[in-house]
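# Architecture at a glance
Letter by letter, the chains look like this.
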Amino acid sequence: INLSSQISELHQYVKPLIDDLISSSNIKVFYRCLNIHRPNITNPVLRLMTSIVTFNNGSYVDPFLEIFDLSLKSLPHLLIPLAAEKINTDLARSGKQSVRRWMVKFWLAISSNASSITRNDLLSNNKKIMSHLFKYMPTYDSVETIKSIVEFCDLKILMEPAYRKATKGKILNEWALS
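For clarity, every value in this text was computed on a predicted model and none was experimentally measured. (Residues numbered from 1 in each chain as written. Predicted model: local features only at pLDDT ≥ 70, side-chain atom pairs only at ≥ 80, totals over all residues. Heavy atoms only, no water.)

Time to look at the overall build of the protein chain. Within the protein chain, the secondary structure is distributed over 14 helices and zero strands. Per-residue burial over the protein chain gives 46% buried out of 178 residues. Relative to all contacts within the protein chain whose residues are 6 or more apart in sequence, the contacts with residues 24 or more apart total 67%. (Helix = DSSP H or I, 4+ residues; strand = E, 2+ residues; numbered from the N terminus. Buried < 20%, exposed > 50% of the residue type's maximum accessible area, 1.4 Å probe, protein only. Contact = heavy atoms within 4.5 Å.)

Structure follows, in C-alpha cells:
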C-alpha cells in the first residue's frame, strides 16, 4: 500500500484491496490483533492501518473512521510501554518492535491526514489516547518520535489556520493538564 501510494498508476489496483480491508467483516480482525497487545501481532496491524490512512494523501481517513471504533479500550493501552520497556528505557527508545512507537505513528498519521474539523474532533474526544501519548513521551520515546510529535503539534495544531486561539489552547491544554 505504501509503494502504491506513491505511484498513481497502481491506485486503481489498491483501492479495492483497501475497501475490502476496511469492511465491517474484516475490521474485526484488526480489533482482535490490537487487543492481543503482543508486538509480533499488533505492530503489523498498526503499520497496515497507518498505510491505509496515509494512502493517496489521506483519502481513506474518513471511510476508515466511519468503520473503526476509536473507543476500543485497548487503543490507549497500546501507548503504555510494556513491562520490559519500563525496566529498560533504552530498549523502548531504540526498539522498532515497540508497540507504543507504532501506535504513535498511527495516531499521528490519522490525525495529520484528517481534515481540520475531523482532527479537532479526534484530538478533543480521545483524551485517554492523548494523555497516554504525552505521559510516557519523555521517558520512553526516541528522539525521532518526540520530534514527530512536536512537529505535528506545531504544523497541524498551532499553525492550523482553521483553528482559533481558543481551540488551539483547548487541545494543547488538555494534554498539558492530563
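There's more to say after this.
What follows covers the packing of helix H4 (residues 39-54) against helix H9 (residues 99-113). Where H4 contacts H9, the two axes come as close as 9 Å, and the packing angle between them is 15°. When the interaxial angle is binned, H4 and H9 end up roughly parallel. Here H4 runs over H9; the crossing is left-handed. On H9, the residues touching Pro39, Thr42, Asn43, Leu46, Arg47, Met49, Thr50, Val53 and Thr54 of H4 are Val99, Trp102, Met103, Lys105, Phe106, Ala109, Ile110 and Asn113. Taken together, the residues of the contact of H4 with H9 break down into ten nonpolar, five polar and two charged. (Axes fitted to C-alpha atoms, helices over the stretch in contact; angles between N-to-C directions. Parallel < 35°, antiparallel > 145°, perpendicular 65-115°, else oblique. Left-handed = near helix turned anticlockwise from the far one by under 90°. Nonpolar A, V, L, I, M, F, W, Y, C, P; charged D, E, K, R; others polar.)

Before going further, it helps to spend a moment on unusual backbone geometry. Here the phi dihedral of His37 falls at roughly 60°; this positive angle occurs in a residue that is not glycine. As for its placement among the helices and strands, His37 is situated in the loop between helix H3 (24-36) and H4. Even without glycine at this site, Asn56 takes up a positive phi of about 55°. For Asn56, the position within the fold is in the loop between H4 and helix H5 (61-67). Judged by its relative accessible area of 25%, Asn56 falls in the partly exposed class.

For the structure shown, the criterion picks out five aromatic pairs. Between Phe64 and Phe106, the ring centres sit 6.0 Å apart and the planes meet at 70°, which makes this aromatic pair edge-to-face. Taken together, the residues Phe64 in helix H5 and Phe106 in helix H9 connect sequence positions 42 residues apart. Members of the aromatic cluster, joined through ring pairs, are Tyr31, Phe64, Phe68 and Phe106. (Phe/Tyr/Trp six-rings, centres within 6.5 Å; stacked < 30°, edge-to-face > 60°.)

Next up on the list: H3. Buried within H3 are the following residues: Ile27, Phe30, Tyr31, Cys33 and Leu34. Down the axis of H3, the smallest arc covering the buried residues is 170°, so these residues share one side. Where H3 is buried, its residues meet helix H2 (11-21), H4, H5 and helix H6 (74-77). Once H3 ends, the next one or two residues include His37, with phi positive near 60°. (Arc of directions from axis to C-beta.)

This paragraph deals with the pattern of salt bridges. Counting across every chain of the model gives three salt bridges. Arg100 serves as the salt-bridge partner of Asp141, at 2.8 Å between the closest nitrogen and oxygen. Taken together, the residues Asp141 in the loop between helix H12 (137-140) and helix H13 (143-158) and Arg100 in helix H9 connect sequence positions 41 residues apart. One exposure class covers both Asp141 and Arg100, and it is buried. (Salt bridge = Lys/Arg side-chain N within 4 Å of Asp/Glu carboxyl O.)

Below, the discussion takes up H2. All buried positions along H2 are accounted for by His11, Val14, Ile18 and Leu21. Axial view of H2: buried residues confined to an arc of 80°, hence all on one face. Within H2, the exposed residues directed more than 90 degrees away from the buried face are Gln12 and Tyr13.

Moving on to the side chain of Ser142. Examined against the element boundaries, Ser142 turns out to sit in the loop between H12 and H13. Given the relative accessible area of 17%, Ser142 is considered buried. At 3.0 Å, the side chain of Ser142 and the side chain of Thr145 are in polar contact. (Polar contact = N/O pair within 3.5 Å; in protein donor to acceptor, adjacent residues only side chain to side chain.)

Among the secondary structure elements, Leu79 is positioned in the loop between H6 and helix H7 (83-87). When its relative accessible area of 0% is taken as the criterion, Leu79 is described as buried. Separated by 51 residues in sequence, Leu79 and Met130 have C-alpha atoms that sit 9.3 Å apart.

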